Amino acid sequence: MTRKYCLTLSTQKADKRRKIEDNWFHECRTKKIPFVTVYQKAVNSDIHHDYINLPADLDDVFSGADGDSLADDIISLFHRFYVQTPGSAMSVKTSSDVTWFHDVPNGIAPTLAEELFDLISLRISPEQ
């Protein structure tokens, strides 16, 4: 089973969190898989994706009409999770190549991170 994100905790020191994310970044670059991180706080998590680790030949996936389509799918993914958490402070910012989900309840953050990974994986490797 493919690991789909790295998890860091607000209780960890900043340099330890940075080392975990750096190691994950290099693993993602080597495997050519989406770089997704989850930063877990006491009640909520922030989920981040950045395409920067992927080869330049995949840039088209994250730009133009394909990028707009991906951004739309990411927003739809957000809405699907948002309706599960009435009154939540969840928010999303995406430009297709970089995505931030903020204040995702910890109970659903791992699933959202995995689905974000899967969505992007399908775009960069449609034959999977």
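Residues numbered from 1 in each chain as written. Predicted model: local features only at pLDDT ≥ 70, side-chain atom pairs only at ≥ 80, totals over all residues. Heavy atoms only, no water.

Engineer: Break down the environment of Y51 for me, with residues and values.
Structural biologist: Its place among the elements puts Y51 in the loop between β3 (44-50) and α2 (64-82). Linking Y51 and T85, residues 34 residues apart in sequence, is a C-alpha distance of 28 Å. Beyond its immediate stretch of four places on either side in the chain, Y51 contacts D59, F62 and D97. (Helix = DSSP H or I, 4+ residues; strand = E, 2+ residues; numbered from the N terminus. Contact = heavy atoms within 4.5 Å.)

Engineer: Describe the pattern of salt bridges, listing the residues and the values that go with them.
Structural biologist: This structure, assessed with the given rule, holds seven salt bridges. E115 is the salt-bridge partner of R80, the closest N and O atoms lying 2.3 Å from each other. Of this pair, R80 sits in helix α2 while E115 sits in helix α3 (residues 109-124), and the two are 35 residues apart along the sequence. On the basis of relative accessibility, which here comes to 42%, the residue R80 falls in the partly exposed class. (Salt bridge = Lys/Arg side-chain N within 4 Å of Asp/Glu carboxyl O. Buried < 20%, exposed > 50% of the residue type's maximum accessible area, 1.4 Å probe, protein only.)

Engineer: Tell me about the packing of aromatic side chains, residues and numbers included.
Structural biologist: The way to describe two aromatic rings as a pair is by their centre distance and the angle between their planes. Tallied over the entire structure, the rule returns four aromatic pairs. Pairwise contacts between aromatic rings join F78, Y82 and F101 into one cluster. (Phe/Tyr/Trp six-rings, centres within 6.5 Å; stacked < 30°, edge-to-face > 60°.)

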